[in-house]
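# Observations on the model geometry
Read off the chains here:
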Amino acid sequence: MAKVTDMVLLNKPGEKILLLGNHAIARGALEANIAVFAAYPGTPSSELTDTMAAVAKDAGVYMEYSTNEKVAFETALSAAWSGLRSMTAMKHVGLNVAADTFMSAVGMGVEGGFVVMVADDPSMWSSQNEQDTRVFGKFANVPVLEPCSVQEAKDLTKYAFEISEKFKHMVILRTTTRSSHMRGDVVLGELPDEIVNKVRRHGKFEKDPKRFVDIPAHSRNFHPKILENIEKIREEFANCPFNKIEGNGKVGIIAPGLSYAYVKEALSWLNVDDVKILKLATPFPVPYKLVETFLEGLEKVLIVEELEPVVEEQIKMWAYDKGLNIPIYGKNIVPRIYEMDTKRAVIAISKFLGIETPINFEELDAKYKEISSVLPPRPPSLCPACPHRNSFFAINKATRKKAIFPSDIGCYTLGVLPPLNAVDTTVAMGGSIGVAHGLSVAINGAANEETYEKKQVVVATIGDSTFYHTGLPAIANAIYNRSNILVVIVDNEITAMTGDQPNPGTGETPHGVGKRIPIEDVVKAMGADFVEVVNPYDIKKTTEVIKKALEVEGVSVVVSRQVCALYRVGKARKNKEKLPLYKVNTDKCTGCKTCIVTFGCPAIFWDAENKKAKIDPTMCWGCGSCAQVCPFGAFELVKEAE
Ligand code: SF4
Ligand code: SF4
């Protein structure tokens, strides 16, 4: 199978190839002659970022993994100010991080086209909340484009650059988990000469303080200009080639983005074809002229949209002002929470049309429940040999679990699960240290207060990438305000959860070696009261160091560094190296279950027949941690690494 990079860079206009939604967006950006791309990885947007990293050198594009979404946004925005076409990508919560610059920069406009790709996650498959970026677009007065197919993901990306440049206004390209991760045929367009010939383009910044310095005297002019621009874009969207009216009938359905595909499928399940459809790729601003044409001759209309009533509110407000009295249905029929699917569309449309559903969904749901109840549950867990397990195990040992454990966003959030139970709070990227500090000053007070008394131990855990993302200001705050907390930075030397991207702790960049910034140097320079680096595979030493750190008054930092097991094993397998293997010596195993109930490596299971622990050799990655956990020395190395 051809590599994704080869496919995305394939210079064969007219050729049809199978692409993932995110890969198609990368191709669309290349066809649009993108020059700069900056992003922080976040599922479900990561494949776009990784593809851009992989093709950057071969396409003459400057690409960087920025330390967070705000920095990425600013990097790409400034490139657009300098006349280059640029893009940033993030998951929905990433836009919250970038929001400060995002909101203020809208009125400054852009010179080169600037596209902000934001991937939402309805149903929260890998996110902490369910947020609809279209609301953000409407709030900030930034146009939002939303594809309904993989082909459209590519073509709409190109269109987004054109609109942005034409109106000198940034544009959001909004996807969802489904549209980012679906696969489909894509007909390739032309690649510009600069991309084919790997020409690295450079911008030119024209100074204009009235435009680029947002002091109140300047910014006051922005808002009217933004609103004027949005109305012009609304007019433009009436002729957007990705919006279309199809079908005939006395009733109509408006379907933005991917909902269009569900509506089409639902209508075929229902065997209904006398419905007029407005397919909308521009949920904000809604082109009222097109809606007006669509509504002609209709008796009622249903808006089928996922999550918030963004299109519905715009249309209802406009219809009210116009004095239209056509009944408009939306969130009174269509669910406002979780992901849209064909079943939901079928139920909503059948209610709207007053017809029976072709399938008894209640019966089907009951059967599904019955079948799934007999299947063994498969809860998520940290990988075998994961160094995070060891860090949590050592924290539990050192504190005897008598501490509060704020944690953060990353694989290590799974430390919340039994048997580790070492995560008490997780709220947002970088939130662990701020929460730890807040809890400590609330319960103990700050060390420079007269009433200070250490009543409660607070131990925060945060990953390396998250530390650079938003942990830095939080730790500066905790040190400055004389907090008394322990911060364990679980440094697996990669941004593992989103697919092994580099970060300042690794020092790698898509363009070669960057500059590595060791975490311990940063926290020492900030004035942390205790800093030590440990290898969590040495559980005894790690536990001792954590105990020592807990005795120090102030902000202590333990950097628990060991490379991600999945990354290490993947590399070993690629190099055809054999991993070490452990097994249980059944003569020594007493069946105490310590290894299972306190440590919980998924390669270890309980052999109920023999009442002994057992290792699944297909899952053991030979880290040797179990040998340190068992009080009876029952785990033995049976095969060395080769
Ligand atoms: S392997 Fe060790 S820790 Fe696990 S059940 Fe046997 S004796 Fe207990
Ligand atoms: S050596 Fe032990 S702890 Fe490590 S992966 Fe194998 S079974 Fe799990």
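Below you will find a few notes about this structure. Treat the numbers as computed from the prediction; the structure is a model and nothing was measured. (Residues numbered from 1 in each chain as written. Chains lettered and ligands numbered in written order. Predicted model: local features only at pLDDT ≥ 70, side-chain atom pairs only at ≥ 80, totals over all residues. Heavy atoms only, no water.)

Moving on, we get to the nonpolar core. With 64 residues, the main nonpolar core has Ile-433, Phe-467, Ile-475, Val-487 and Val-557 as its most contacted residues. Residues contacting Val-557, with those up to four places away along its chain left out, are Ile-475, Leu-486, Val-487, Ile-489, Val-523, Ala-528, Phe-530, Val-531 and Glu-532. Ranked by size, the runner-up nonpolar core spans 47 residues in total, among them Met-52, Val-61, Phe-161 and Leu-191. (Core = buried A, V, L, I, M, F, W, Y, C linked by side-chain atoms within 4.5 Å. Buried < 20%, exposed > 50% of the residue type's maximum accessible area, 1.4 Å probe, protein only. Contact = heavy atoms within 4.5 Å.)

Pairing is parallel in the open sheet, where six strands are placed in the order β3-β2-β4-β5-β7-β6. Edge positions in the sheet fall to β3 (62-65) and β6 (144-145), since each has one partner strand and no second. (Pairing = 2+ DSSP bridges. Helix = DSSP H or I, 4+ residues; strand = E, 2+ residues; numbered from the N terminus.)

Moving on to empty space enclosed by the protein. Following the criterion strictly, the structure yields five cavities of 30 Å³ or more and no others. A class-by-class count of the residues in the lining of the largest cavity yields 12 nonpolar, two polar and no charged. Considered as a void within the structure, the second largest cavity measures approximately 70 Å³ in volume. Val-584, Cys-589, Thr-590, Gly-591, Cys-592, Lys-593, Cys-595, Ala-613, Cys-630, Phe-632, Ala-634 and Phe-635 are the residues that line the second largest cavity. Grouping the amino acids of the lining of the second largest cavity by side-chain chemistry returns nine nonpolar, two polar and one charged. (1 Å grid on protein atoms, 1.4 Å probe; cavity = no way out; pocket = protein on both sides within 12 Å on 5 of 7 lines; lining within 4 Å. Points joined across faces, edges and corners; volume = space filled by probe spheres on them. Nonpolar A, V, L, I, M, F, W, Y, C, P; charged D, E, K, R; others polar.)

Here we take up the site of ligand 2. Around ligand 2 lies a shell of 13 residues, among which Cys-601, Cys-620, Cys-623, Gly-624 and Cys-626 are the nearest. Here ligand 2 occupies the largest cavity. (Near = heavy atom within 4 Å. Sits in = over half its atoms within 2 Å of the grid points.)

Moving on, we come to the site of ligand 1. As a structural note, the neighbourhood of ligand 1 is formed by 13 residues, with Cys-589, Cys-592, Lys-593, Cys-595 and Cys-630 the closest of them. Taking a 2 Å distance to the grid points as the criterion, the majority of the atoms of ligand 1 fall inside the second largest cavity. Class assignment of the residues belonging to the shell around ligand 1 gives a composition of nine nonpolar, three polar and one charged.

This part covers the environment of Thr-176. Looking at where Thr-176 falls in the secondary structure, it is placed in strand β7 (residues 171-176). For Thr-176, a relative accessible area of 2% gives the class buried. Taking the C-alpha atoms as reference points, Thr-176 and Gly-499, 323 residues apart in sequence, are found 18 Å from one another. With sequence-adjacent residues up to four places away left out, Thr-176 is seen in contact with Pro-44, Asp-120, Pro-122, Glu-146, Leu-258 and Glu-306.

Taken together, the side chains of Met-124, Ile-337 and Tyr-338 make up a nonpolar region of the molecular surface, amounting to roughly 260 Å² of accessible area. Tracing the chain through its elements places Met-124 in the loop between β5 (114-120) and α6 (133-140). (Patch = residues over 30% accessible without salt bridge, like charges linked within 9 Å, V, L, I, M, F, W, Y side chains within 5 Å. Areas by Shrake-Rupley, 256 points an atom, 1.4 Å probe, with all protein chains shown as cover. Salt bridge = Lys/Arg side-chain N within 4 Å of Asp/Glu carboxyl O.)

Next up on the list: the state of the cysteines. Enumeration over the complete set of coordinates arrives at zero disulfides. Among the cysteines around Cys-386, which has no disulfide bond, Cys-383 carries the closest sulfur, lying 6.1 Å off. (Disulfide = S-S within 2.5 Å.)

So, about the packing of aromatic side chains. Using the criterion set out here, one finds 12 aromatic pairs in the structure. Seen in terms of ring centroids, Phe-73 and Phe-114 are 5.3 Å apart; in terms of plane orientation they differ by 70 degrees. Their pairing is edge-to-face. Of this pair, Phe-73 sits in helix α4 (residues 69-81) while Phe-114 sits in strand β5, and the two are 41 residues apart along the sequence. Residue Phe-73 is classed as buried on the basis of its relative accessible area, which comes to 0%. A residue is classified by how much of its surface remains accessible, and Phe-114, at 0% relative accessible area, is buried. (Phe/Tyr/Trp six-rings, centres within 6.5 Å; stacked < 30°, edge-to-face > 60°.)

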